[in-house]
Amino acid sequence: MSKNNSNLEDSEIDGLYRIVERDAHEGGYLLNPDDSFTRELIRGLVVNTKRYGYAACPCRLASGDEAEDRDMVCPCDYRDADLNEYGACYCALYVTEEVASGKRKLRPLPDRRERELEKKKKDKGESEKNISGLSYPVWRCSVCGYLAARSMPPEKCPICKVSKERFEKFI
Amino acid sequence: MFDIMTLFCILGGKQRMKFDNFTRVEGDSCGTIQLFGLSTCIWCKKTKEYLNSKGIEYYYVFVDLLNESEKEEAKKLIKKWNNDISYPTIIINESRSVIGFDEDEIDREIARNE
């Protein structure tokens, strides 16, 4: 029984691994080349998807409320900033070329989420910028920064493939 | 096989635990080492394995497996040492902390034995 369960989990991990790998490749991102490490992270994503109903970052504490945790659903809103600053996202599922090739050593990095959420709370109210004469609102993908001027955000980000819930009204 | 760290560990004292959801891992006493982690977090797993490899006594808890009120309590305890409330967080003798999996810092902070 337990063997069957672990087999089932293995196939689930393989399935998600393939999807994550494909999306990373298509979006111009690199996964951590350490296969067993990456697999362990994908396992965490499978566990969290079963537990919470969404793929919360395995290295962060999920609340169980998807709307509250949307910023930390993998790929998280902080991936790109951490890649730029540290060469890896917080859990190190995604890495830069420099880290992947071993030119830059992976160091423990701080989690910017609490600080970013704090900042967002403060900024709220000031963020609604109005540029008169715009015929469409501009939506911004909170994961990759893609901008779309249209009445509603796209169903899926054409760049990084996240769902429309990850878009915020930018202008 | 009697390095400086082991010596510090043997001299180390014990403190009472403020949080009762910890699981104890047996080993040489190095003061009170508390590890707050997540069961899904690979860096927490690496930290645990590293502490295991040192053969020292420590207490760990996987915060994601606690009930809601215990989670809140754990987060409050972590926040005292780590404003980001991130995992893993190690608290040593209730006097200092190591945030993230950093082997050198873990060694250094445990050896300080204050």
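Please refer to the structure placed before this passage.
Scoring rules and cut-offs
- Residues numbered from 1 in each chain as written.
- Chains lettered and ligands numbered in written order.
- Predicted model: local features only at pLDDT ≥ 70, side-chain atom pairs only at ≥ 80, totals over all residues.
- Heavy atoms only, no water.
- Helix = DSSP H or I, 4+ residues; strand = E, 2+ residues; numbered from the N terminus.
- Buried < 20%, exposed > 50% of the residue type's maximum accessible area, 1.4 Å probe, protein only.
- Contact = heavy atoms within 4.5 Å.
- Areas by Shrake-Rupley, 256 points an atom, 1.4 Å probe, with all protein chains shown as cover.
- Pairing = 2+ DSSP bridges.
- Axes fitted to C-alpha atoms, helices over the stretch in contact; angles between N-to-C directions.
- Buried area = accessible area lost by both parts, 1.4 Å probe.
- Salt bridge = Lys/Arg side-chain N within 4 Å of Asp/Glu carboxyl O.
- Polar contact = N/O pair within 3.5 Å; in protein donor to acceptor, adjacent residues only side chain to side chain.

1. A short note on the overall build of chain B
Now for step 1: Counting its secondary structure elements, chain B contains four helices and five strands.
Now for step 2: Along chain B, from the amino end to the carboxyl end, the secondary structure elements read α-β-β-α-β-α-β-β-α.
Now for step 3: Across the 114 residues of chain B, 52% fall into the buried class.
Now for step 4: Pairs at least 24 residues apart make up 58% of the contacts formed inside chain B by residues separated by at least 6 positions.
Now for step 5: Summing over all exposed atoms, chain B offers an accessible surface of approximately 5,800 Å²; the carbon and sulfur share of this is 50%.

2. Re the sheet that holds strand E4 (residues 147-149) of chain A
Residues and elements named next belong to chain A.
Now for step 1: Judged by pairing direction, the sheet is antiparallel, and its three strands sit side by side in the order E4-E3-E5 without closing on themselves. The open sheet terminates on both sides in strands that have one partner only, identified here as E4 and strand E5 (167-169). Strand-to-strand, the axes of this sheet are offset by a mean angle of 30 degrees, without reference to chain direction.
Now for step 2: Pairing geometry for strand E3 (residues 138-141) and E4, over three bridges, is antiparallel. In the sheet register, valine 138 faces E4, and the bridge partner there is alanine 149.

3. As for the interface of chain B and chain A
Now for step 1: Taken together, the 20 residues of chain B in the interface contact 22 residues of chain A.
Now for step 2: Summed over both sides, the interface between chain B and chain A buries roughly 1,600 Å², with carbon and sulfur atoms accounting for 57% of that surface.
Now for step 3: Per-residue buried area on chain B facing chain A is highest for Thr40(B), Ile42(B) and Asp84(B); these three make up 37% of the total on that side.
Now for step 4: At the junction of chain B with chain A, the criterion picks out four salt bridges.
Now for step 5: Notably, a salt bridge pairs Asp84(B) with Arg115(A), separated by 3.1 Å at the nearest N-O pair.
Now for step 6: Counting the contacts that link chain B with chain A gives nine residue pairs in polar contact (both at pLDDT 80 or more).
Now for step 7: Of all elements in the fold, only helix H2 (42-54) and helix H3 (68-79) of chain B reach the threshold of two or more residues within the side of chain B that touches chain A.
Now for step 8: The dominant element in the side of chain B that touches chain A, judged by the number of residues it contributes, is H2(B), at four residues.

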